[in-house]
Amino acid sequence: MSDDDLNTALTAYKSASVIKPAEEYPKQKIESINKTLAEQKAIDDQYLSLISSADKLYETSKYNEAIAEYGKALKLKPSEKYPSDQIAAINEIIAKNKSIDEQYQQAVADGDRLFTEKNFDDARRKFENASQLKNKEKYPQQKISEIDLLLNEIKTKNNNYAQAVKSGDDFFIQTKYR
């Protein structure tokens, strides 16, 4: 029975009690309804407290704790849709985060392997991918910086080598045709 129905019945029993104040039946019903309303209010208050707690946990990404609180609220009021919807939304987030974690771990593993193989360009791309997946993680950024330093060293060595060879070739050509 809804609160509105109970309040309507309460009003009717109070009217009956005014009409015949000596009758016990309306008084018993009034007492019973007041008790039921108080119990429902306690359940409503507990439900709202659980929902508030669950929402705060959800907002701070404490998903497992939020699911537990939404579950408790759902036990109090099984017909309420909100806790079920929130649990479903959290489960989607958890699944998405798991997928991101797996992709991140794979990108880092691939980057480490490619780095070990001295395939620095491909390793850098893998670490960039990992960094995009989890931009707060420091490891991919550290590896990108390390690779950039190595690539700059390699580029400098290659430039110095090319310049030395060119210089040698220039001197060789000059001495050959003198």
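Quick summary incoming for the structure in this document.

Rules of the game
Residues numbered from 1 in each chain as written. Predicted model: local features only at pLDDT ≥ 70, side-chain atom pairs only at ≥ 80, totals over all residues. Heavy atoms only, no water. Helix = DSSP H or I, 4+ residues; strand = E, 2+ residues; numbered from the N terminus. Rg over C-alpha atoms; globule rule 2.2 N^0.38 Å. Buried < 20%, exposed > 50% of the residue type's maximum accessible area, 1.4 Å probe, protein only. Contact = heavy atoms within 4.5 Å. Areas by Shrake-Rupley, 256 points an atom, 1.4 Å probe, with all protein chains shown as cover. Lys, Arg positive; Asp, Glu negative; His and termini not counted. Charge placed at Lys NZ, Arg CZ, Asp CG, Glu CD. Salt bridge = Lys/Arg side-chain N within 4 Å of Asp/Glu carboxyl O.

## Some thoughts on the overall build of the chain
Regarding its fold elements, the chain presents 6 helices and 0 strands. In the chain, the succession of α and β elements from N to C terminus is α-α-α-α-α-α. Taking 178 residues into account, the globule formula puts the C-alpha radius of gyration at 16 Å, and the chain, at 37 Å, lies well above it. The principal-axis extents of the C-alpha atoms in the chain amount to approximately 140 × 20 × 15 Å. Looking at the chain residue by residue over its 178 residues, the buried ones come to 22%. At a minimum sequence separation of 6, the contacts of the chain that also span at least 24 residues come to 50%. Total accessible area computed for the chain in this model is approximately 12900 Å², and 53% of it derives from carbon and sulfur atoms. Of note, the chain has its 28 positive side-chain charges centred 5 Å away from the centre of its 30 negative side-chain charges.

## Focus: unusual backbone geometry
With glycine set apart, most residues show a phi of negative sign, and most peptide bonds adopt trans. Located in the positive-phi region is S61, a residue other than glycine, with phi close to 65°. Positionally, S61 belongs in the loop between α2 (24-59) and α3 (63-76). In this structure, K118 is a non-glycine residue whose phi angle is positive, near 65°.

## Things to note about the pattern of salt bridges
Counted according to the given criterion, the structure contains 13 salt bridges. Across the pair K77 and D44 runs a salt bridge whose closest N-O atoms are separated by 2.5 Å. Placement of K77 in the loop between α3 and α4 (82-116) and of D44 in helix α2 is noted, with a sequence separation of 33 residues between them. Taken together, the salt bridges that share partners define one network made up of D110, R113, E117 and K126.

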